[in-house]
Protein chains: 2
Amino acid sequence: MIRVRVPATSANMGPGFDTLGIALNLYSRLEIEETDGGLDIITVNNSGNVQNDKTNLVYRAMDRVFRETGYRPKGLRIKQDSAIPMTRGLGSSSACIIGGMLAANALSGRTISYPDILELATEMEGHPDNAAPALYGGFCVSVKSGDRVYVKSIKLKNDLKFAVMIPDFFVATKKSRGALPDKVSLKDAAFNISRASMLQAALTTGDYDLLKIGAEDRLHQPYRKSYIDGFDEIFEHTYRTGSKATYLSGSGPTIMSILTGNGAAFKKDMEAFFSENEHKWKCMLLECDNVGSVLSETRS
Amino acid sequence: MIRVRVPATSANMGPGFDTLGIALNLYSRLEIEETDGGLDIITVNNSGNVQNDKTNLVYRAMDRVFRETGYRPKGLRIKQDSAIPMTRGLGSSSACIIGGMLAANALSGRTISYPDILELATEMEGHPDNAAPALYGGFCVSVKSGDRVYVKSIKLKNDLKFAVMIPDFFVATKKSRGALPDKVSLKDAAFNISRASMLQAALTTGDYDLLKIGAEDRLHQPYRKSYIDGFDEIFEHTYRTGSKATYLSGSGPTIMSILTGNGAAFKKDMEAFFSENEHKWKCMLLECDNVGSVLSETRS
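Residues numbered from 1 in each chain as written. Chains lettered and ligands numbered in written order. Predicted model: local features only at pLDDT ≥ 70, side-chain atom pairs only at ≥ 80, totals over all residues. Heavy atoms only, no water.

An unreviewed UniProt entry annotates chain A as Homoserine kinase of Candidatus Ornithomonoglobus merdipullorum. Recorded under Function (unreviewed entry), the UniProt text for chain A is reproduced unchanged: "Catalyzes the ATP-dependent phosphorylation of L-homoserine to L-homoserine phosphate." Under the UniProt heading Pathway (unreviewed entry), the note attached to chain A is "Amino-acid biosynthesis; L-threonine biosynthesis; L-threonine from L-aspartate: step 4/5." (UniProt positions renumbered as here; feature names shortened; annotations may be inferred.)

Asks: Whenever I open this one, the UniProt feature "domain: GHMP kinase N-terminal" (unreviewed entry) in chain A confuses me. Can you help?
Replies: Feature annotation in UniProt assigns "domain: GHMP kinase N-terminal" (unreviewed entry) to the following positions: residues 56-138 of chain A. Between the end C-alpha atoms of residues 56-138 of chain A there is a gap of 28 Å, over a span that is 57% helix and 10% strand. (Helix = DSSP H or I, 4+ residues; strand = E, 2+ residues; numbered from the N terminus.)

Asks: Would you mind showing me how to read the pairing of strand β10 (residues 255-260) of chain B here?
Replies: Put simply, side chains in a regular strand alternate between the two faces of the sheet. Residues and elements named next belong to chain B. With five of six residues buried, β10 lies mostly within the body of the structure. Two strands pair when backbone bridges link them, and strand β9 (residues 245-248) and β10 are joined in this way by four bridges, in the antiparallel orientation. By the bridge assignment for β10, T246 is matched with S257. Here β9 folds back onto β10 in antiparallel fashion, the turn holding six residues, of which G250 has a positive phi close to 60 degrees. (Buried < 20%, exposed > 50% of the residue type's maximum accessible area, 1.4 Å probe, protein only. Pairing = 2+ DSSP bridges.)

Asks: Mind showing me how you'd approach the relation of the copies chain B and chain A here?
Replies: Here the second copy of the chain follows from the first by a rotation about an axis and a shift along it. At an RMSD of 0.0 Å, chain B and chain A line up after a rotation of 180 degrees and a shift of 0.0 Å along the axis. Each copy turns onto its partner about a two-fold axis. A shared binding surface is used by both copies, with 100% of the interface residues of chain B retained as interface residues in chain A. (Least-squares fit on C-alpha atoms with pLDDT ≥ 70 in both. Contact = heavy atoms within 4.5 Å.)

Asks: Just checking my understanding: could you explain the interface of chain B and chain A for this structure?
Replies: Interface size is commonly expressed as the accessible area that is lost once the parts come together. In this assembly, 37 residues from chain B lie in contact with 37 residues from chain A. Together, the buried faces of chain B and chain A total about 3,100 Å²; carbon and sulfur atoms form 72% of this surface. On the chain B side of the interface with chain A, the three residues burying the most area are K152, L186 and I193 of chain B, jointly 21% of the side's total. With a shortest N-O distance of 3.0 Å, K152 of chain A and D207 of chain B are connected by a salt bridge. Taken together, chain B and chain A are joined by eleven residue pairs in polar contact (both at pLDDT 80 or more). For the side of chain B that touches chain A, the secondary structure elements donating two or more residues are β5 (139-145), β6 (148-154), β8 (183-185) and α6 (186-205) of chain B. Among the elements that line the side of chain B that touches chain A, the one with the most residues is α6 of chain B, at 13 residues. Grouping the amino acids of the side of chain B that touches chain A by side-chain chemistry returns 21 nonpolar, ten polar and six charged. (Buried area = accessible area lost by both parts, 1.4 Å probe. Salt bridge = Lys/Arg side-chain N within 4 Å of Asp/Glu carboxyl O. Polar contact = N/O pair within 3.5 Å; in protein donor to acceptor, adjacent residues only side chain to side chain. Nonpolar A, V, L, I, M, F, W, Y, C, P; charged D, E, K, R; others polar.)

Asks: Honestly, the environment of I78 of chain B in this entry has me stumped. Any pointers?
Replies: Residue and element names in this part refer to chain B. Examined against the element boundaries, I78 turns out to sit in strand β4 (residues 75-82). Look at I78 and you get buried, because its relative accessible area is 1%. Expressed as a C-alpha distance, the spacing of I78 and I42, which sit 36 residues apart in the sequence, is 6.2 Å.

Asks: What is the right way to read the side chain of N290 of chain A from this model?
Replies: For N290 of chain A, the position within the fold is in the loop between β11 (281-286) and β12 (294-297). Excluding its chain neighbours within four sequence positions, the residues that come into contact with N290 of chain A are Y136, G137, G138, I154, K155, L156 and N158 of chain A.

Asks: Which parts of the structure should I look at to understand helix α6 (residues 186-205) of chain A?
Replies: Because an α-helix packs 3.6 residues into every turn, residues spaced three or four apart end up facing the same way. Residues and elements named next belong to chain A. Here α6 contains 20 residues, and its C-alpha end-to-end distance of 28 Å stays within 8% of the 28 Å for a straight helix at 1.5 Å per residue. When you tally the buried positions in α6, you get 17 out of 20 residues, the bulk of the element. Of the residues flanking the end of α6, it is G206, one or two places downstream, whose phi is positive at about 85 degrees. (Expected span 1.5 Å × (residues − 1).)

Asks: What is the right way to read the UniProt feature "domain: GHMP kinase C-terminal" (unreviewed entry) in chain A from this model?
Replies: Those places that UniProt annotates as "domain: GHMP kinase C-terminal" (unreviewed entry) correspond, in this numbering, to residues 201-262 of chain A. Taken end to end, residues 201-262 of chain A is 37% helix and 16% strand, and its two terminal C-alpha atoms sit 22 Å from one another.

Asks: Could you clarify how one ought to interpret the pattern of salt bridges in this entry?
Replies: Where charged atoms of side chains with opposite charge meet at close range, the side chains can pair. Going through the model one piece at a time under the given rule, you end up with 32 salt bridges over all chains. Across the pair R110 of chain B and E297 of chain B runs a salt bridge, and its minimum N-O distance is 3.0 Å. Of this pair, R110 of chain B sits in the loop between α2 (92-107) and α3 (114-125) while E297 of chain B sits in strand β12 (residues 294-297); the two residues are 187 residues apart in sequence, bridging distant segments of the chain. What emerges from the salt-bridge pattern is a single network uniting E33, D40 and R77 of chain A.

Asks: How should I be thinking about the packing of aromatic side chains in this particular structure?
Replies: All chains considered together, the criterion is met by twelve aromatic pairs over all chains. Positioned above the aromatic ring of Y239 of chain A is the side chain of K212 of chain A, whose terminal nitrogen or guanidinium carbon lies 4.4 Å from the ring centre. (Phe/Tyr/Trp six-rings, centres within 6.5 Å; stacked < 30°, edge-to-face > 60°. Lys NZ or Arg CZ within 6 Å of the ring centre and 35° of its normal.)

Asks: Would you mind showing me how to read the nonpolar core here?
Replies: As a rule of thumb, nonpolar side chains are buried together in soluble globular proteins. With 158 residues, the main nonpolar core has M62 of chain A together with M62 of chain B as its most contacted residues. Those residues in contact with M62 of chain A, other than ones at most four positions away along the chain, are I32, L76, I78, G100, A103, A104 and L107 of chain A. (Core = buried A, V, L, I, M, F, W, Y, C linked by side-chain atoms within 4.5 Å.)

Asks: I would appreciate a short explanation of the pairing of β5 of chain B in the present structure.
Replies: All names here are of chain B. A large share of β5 lies buried, amounting to five of its seven residues. As paired strands, strand β2 (residues 20-35) and β5 are joined by three bridges and run antiparallel to one another. Directly across from L20, in β5, lies its bridge partner V141. Alignment of β5 against β6, held across seven bridges, turns out to be antiparallel. By the bridge assignment for β6, S142 is matched with V151. The antiparallel pairing of β5 with β6 creates a hairpin that spans two residues between the two strands, and G146 there sits at a positive phi of about 60 degrees.

Asks: Please clarify how the sheet that holds strand β7 (residues 160-167) of chain A should be interpreted in this entry.
Replies: Residues and elements named next belong to chain A. If you walk across this open sheet you meet the four strands as β9-β10-β7-β11, and the pairing is antiparallel. For this open sheet the edge positions go to β9 (245-248) and β11, each flanked by a neighbour on one side alone. In this sheet, neighbouring strand axes are inclined to one another by 20 degrees on average, regardless of whether the strands run parallel or antiparallel. Both β7 and strand β10 (residues 255-260) contribute to a ladder of six bridges, which runs antiparallel. (Axes fitted to C-alpha atoms, helices over the stretch in contact; angles between N-to-C directions.)

Asks: Honestly, the sheet that holds strand β11 (residues 281-286) of chain B in this entry has me stumped. Any pointers?
Replies: Hydrogen bonds between backbone atoms are what pair the strands of a sheet, whose relative direction is either parallel or antiparallel. All names here are of chain B. In space, the four strands of this open sheet follow the order β9-β10-β7-β11, with antiparallel pairing throughout. Of all strands in the sheet, those bounded by a partner on one side alone are β9 and β11. In this sheet, neighbouring strand axes are inclined to one another by 20 degrees on average, regardless of whether the strands run parallel or antiparallel. Here strand β7 (residues 160-167) pairs with β11 via six bridges, running antiparallel. Its bridge partner being in β11, M165 is matched across the sheet by C283. Across the sheet, helix α9 (residues 231-240) lies against β7, β9, β10 and β11, angled at about 155 degrees from β9, the strand it touches most.

Here it is as structure tokens:
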């Protein structure tokens with residue numbers, strides 16, 4: 001039996017378009033074993049519709065690795081218990097892909113290195129900014145250059161809370177990507193370079209008063225905010241309530257606030273604030289996961 | 001007598017357009033004293049034409065501070081001994097401005113804070129990426145937001161050499177800025193965000209094999225390289241000769257290579273290589289200055 005635990009991830013982090021991501025202590029857990037035949041997929045505790053055939057994302061990720069390694073399992077039983085909400089911008093797809101690939105690699109005798117796993121995962125996802133922290137944990141800077149992926153994972157101090165505010169609706173990533181312009185001004189590009197750089201500097205040095213300026217973005221949030229009723233008011237309220245930085249997680253619609261302190265008052269205040277929104281929003285307090293994916297194997 | 005020592009600086013650092021900068025151990029030294037009247041400007045060891053009247057940049061920077069503080073010196077004697085070559089992309093202007101402002105502030109009784117000095121300097125220069133490391137030293141991330149300037153200076157380990165390759169010609173910053181397009185593709189913007197982020201991660205964690213991918217740029221170097229004969233060949237040769245990262249310093253024409261090791265072989269090889277270039281190039285091996293500007297005052 002192979003067990004894999006993969007963390008949720010929050011990408012973009014405002015200005016760090018397709019580059020920055022962080023792992024969070026909310027997990028997808030897989031239990032995978034080889035059987036005598038057939039494909040048996042069981043999903044527990046999942047928030048969306050999950051395919052139980054060969055179109056299942058965990059299975060497809062495993063199959064991608066088996067094509068590399070040449071290993072051919074007779075049959076597979078895949079059990080997934082994921083606490084990561086689907087299609088909300090918290091890396092549920094990356095968790096499926098990384099988890100499936102690590103499990104398939106383990107079944108194949110671990111012939112593929114972690115950097116190569118990440119490149120296969122990035123090939124499936126298109127960008128590495130969720131897959132990298134899902135694999136390595138921490139705060140990750142990722143660069144995709146042709147087929148190569150370069151990553152630096154930096155462990156963060158555990159003195160921050162990440163308040164994840166998840167609405168009851170979703171925005172398809174495809175639609176959300178389609179909302180973006182092909183061209184931007186050089187000024188806006190420079191704007192985001194400076195903010196993404198400052199966000200990293202603030203997070204890694206602990207100078208958290210610089211997080212707010214570092215979370216500003218002009219390249220994707222302005223185009224995506226129309227999908228979220230009351231976007232500006234929510235952002236403003238988080239800052240009034242003590243947020244150090246607020247941004248759209250991935251392509252949304254989840255909104256993230258970074259907090260110092262335990263966050264309890266923030267959560268209570270935001271829940272009261274959201275009770276007047278036309279959608280239901282759930283607020284969870286998470287921490288950075290500095291560990292990344294964990295795999296264990298027990299032989300029956 | 002006020003003495004100020006201000007380091008040279010290298011901005012942009014490839015992808016970090018108007019954002020990243022580093023201080024280097026090459027200095028402009030000012031000796032300034034109040035006299036009974038008149039303006040007396042002496043320049044020593046300077047590579048360009050320096051005005052000796054009220055259009056002098058050190059004087060203008062001082063005057064800007066005096067307008068803030070209300071202090072009115074009867075007369076001034078300004079002596080500048082600068083090893084920083086002018087108009088080459090090594091922050092000679094910032095060194096004049098920061099040096100003049102610190103001296104004027106000292107004469108006025110130090111009424112202006114360092115962050116405010118930096119904002120006044122940025123107002124004169126238009127962007128903070130040279131002025132910030134000139135003032136604070138180290139590797140600096142700067143954000144200009146309206147009139148406000150936010151800076152995080154990060155001290156680097158002293159295990160890198162910065163090979164500064166300076167040609168015998170210059171490109172006016174105005175011309176060099178004018179070469180840039182107003183619009184860029186979102187893809188190129190994201191390209192630079194990822195590289196600038198990786199450059200910072202590589203420099204600050206010491207994972208220097210990631211510097212090369214982190215030094216790539218699509219927003220200004222492609223437009224500026226036509227001003228430099230043999231640009232691509234020079235870059236390629238630096239990498240063959242052991243450079244960890246090569247970029248155009250500021251808006252050029254100085255080219256910078258970051259090296260591990262003592263750099264002696266690199267310098268020798270590049271000097272031989274440049275002997276065949278139609279221009280004369282000088283190669284200096286510098287280190288990061290983690291101290292920033294130093295001011296001392298002796299009362300006569």
